[in-house]
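Remarks on the overall topology
Each chain is listed here by its residues.
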Amino acid sequence: MEIIFGQNKKEQLEPVQAKVTGSIPAWLQGTLLRNGPGMHTVGESKYNHWFDGLALLHSFSIRDGEVFYRSKYLQSDTYIANIEANRIVVSEFGTMAYPDPCKNIFSKAFSYLSHTIPDFTDNCLINIMKCGEDFYATTETNYIRKIDPQTLETLEKVDYRKYVAVNLATSHPHYDEAGNVLNMGTSVVDKGRTKYVIFKIPATVPDSKKKGKSPVKHAEVFCSISSRSLLSPSYYHSFGVTENYVVFLEQPFKLDILKMATAYMRGVSWASCMSFDREDKTYIHIIDQRTRKPVPTKFYTDPMVVFHHVNAYEEDGCVLFDVIAYEDSSLYQLFYLANLNKDFEEKSRLTSVPTLRRFAVPLHVDKDAEVGSNLVKVSSTTATALKEKDGHVYCQPEVLYEGLELPRINYAYNGKPYRYIFAAEVQWSPVPTKILKYDILTKSSLKWSEESCWPAEPLFVPTPGAKDEDDVPCRPSRDCGVQGPHRKSHCQLSIACVPEISAFGRQTEDNQGSTVILRYTENLNY
Ligand SMILES: CC1=C(/C=C/C(C)=C/C=C/C(C)=C/C=O)C(C)(C)CCC1
Ligand SMILES: [Fe+2]
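Residues numbered from 1 in each chain as written. Chains lettered and ligands numbered in written order. Predicted model: local features only at pLDDT ≥ 70, side-chain atom pairs only at ≥ 80, totals over all residues. Heavy atoms only, no water.

As annotated in an unreviewed UniProt entry, the protein chain carries the name Beta-carotene oxygenase 1 and comes from Mus musculus.

**With respect to the UniProt feature "binding site: Fe cation" (unreviewed entry) in the protein chain**
Mapped onto this numbering, the UniProt entry gives "binding site: Fe cation" (unreviewed entry) at H172, H237 and H308. Of the residues just listed, which span 137 residues, no C-alpha pair is farther apart than 8.7 Å, and they cluster in one region. Here H172 lies in the loop between β12 (168-169) and β13 (174-175). Within the secondary structure, H237 sits in the loop between β16 (220-226) and β17 (240-241). With relative accessibility at 9%, the residue H237 sits in the buried group. In this structure H237 touches I126, E140, T170, S171, H172, F307 and H308, once residues within four positions along its chain are discounted. Within the structure, the side chain of H237 is placed 3.1 Å from the side chain of H172, a separation counted as a polar contact. (UniProt positions renumbered as here; feature names shortened; annotations may be inferred. Helix = DSSP H or I, 4+ residues; strand = E, 2+ residues; numbered from the N terminus. Buried < 20%, exposed > 50% of the residue type's maximum accessible area, 1.4 Å probe, protein only. Contact = heavy atoms within 4.5 Å. Polar contact = N/O pair within 3.5 Å; in protein donor to acceptor, adjacent residues only side chain to side chain.)

**Details of the site of ligand 1**
The environment of ligand 1 is made up of 17 residues, and the closest members are I126, H237, W270, H308 and Y332. Residues belonging to the shell around ligand 1 are distributed by class as follows: 12 nonpolar, four polar and one charged. Two domains each donate at least three residues to the shell around ligand 1, and these are domain 1 (113-226) and domain 2 (232-432). (Near = heavy atom within 4 Å. Nonpolar A, V, L, I, M, F, W, Y, C, P; charged D, E, K, R; others polar. Domains from an automatic or database assignment.)

**Quick look at the nonpolar core**
Residues I284, I286, F299, F321, L356, C395 and I421 are the most contacted members of the largest nonpolar core, which totals 42 residues. Ranked by residues supplied to this core, first place goes to strand β25 (residues 318-326) with seven residues. Contacts of I284, omitting those with residues within four sequence positions, involve F248, L249, F299, Y300, T301, F321, F359, V361 and C395. In terms of nonpolar packing, the next biggest core, distinct from the first, is built from 34 residues, V188, V189, L350 and V426 among them. (Core = buried A, V, L, I, M, F, W, Y, C linked by side-chain atoms within 4.5 Å.)

As structure tokens, this is what we get:
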């Protein structure tokens, strides 16, 4: 296992034809871009954490039932500095590194309170973001890297801070129908304030301003929320949107800015500056997109750790939102490469299973409502919101499903009432072995798995012109190749099962690496 996780992956610069089992429907055309860590050893030095690895870009070009795969390392300043020095010289999430004294491009790694935050890595390994016609590799620092989606070449480095004051930003932005990007970031100790900043990147730039301008240069602050604490803002990996609101969880999984400011001197990683406070609460901020202001009521729930929001929508005066939640922050712990050893499947166990929780937040709190009464009047959920003496509202979720991560939806339903979640099934081990289609209405699920296969984040691709949320209209023997009496379920799931972070892993017999497979899951066992 250690070999599979920690082994440096070879680039595949020339497109190679993938072996396709089953048949890919004729309408599934285009290029799927993926990102993830690919190199964990440089010279003699090794990263400590799987999320530290140097970004390897993957592309799957799908046309006429054929798939061509290629991959290329992101030529970030971090990658180039490491390769030139033949050792790790830039700090990542779980590894503190010291620059080459001669070429110290990332040398300003500590400073004082007004410039508390050091210069971070541009090893953009987490996701790919589309801004207008441009594609960017992203991580959670202030840097993003433009890439060429065809050749996977690395283009310019963009520093968000030039346009919006954020030191950190999520890798899970939202997109509206026109392709405008909505993202969130944290601005640390800026003019005496630490705040969460919601910002927009327009999909298109007005003609007059077009010359050489990428949409990111037109990023604008949409609104901001003060952090509860100047020196310990919450860590967050994603957020939710409905048609009119933004949902932000200020969770008790926090960054300690003073620890971060001294981490370089103390020789400890950024990860060691994050902690989960199980005595604290999770604050739920609901921001009205029309007024650009938070709904004034203080909503909160029990302490939890959320990485992925699934979806959110408005119903009967409430914002309903679904998240994958943990009881603590042990997930990050498991991805230390030292833990991903041979006994990993037995020994490396989560201390809580990721659960799908639905929250209901009442938008208008009746002043006359009795203390202790449930303000949620939505019949579709058992989630509650109890009014308290001080006017605060305590939200308790409905647990919908236990054991899933890497959730995706039909994105046309983002922010809207929806029914289906596509995810990876995760029980006690952080490595998924099944793909899941969860039906929120019937609370039932369908699963796919195959021996020695580790599926990654499944992507839902709707059939052009599809009517149902999960629809792949079935044209017997044409698209999905299934003969005889036809059930829609034969080809119901158009999942392109490919890696979210690192290559889709099929354990090879000699355990010497992973083969990339694109699998059209027409053989889901319903
Ligand atoms: C480098 C760096 C960071 C990197 C975080 C990363 C790389 C997070 C990856 C998260 C993933 C992949 C979550 C999946 O659920 C921080 C802590 C933001 C801040 C300090 C600098
Ligand atoms: Fe993620």
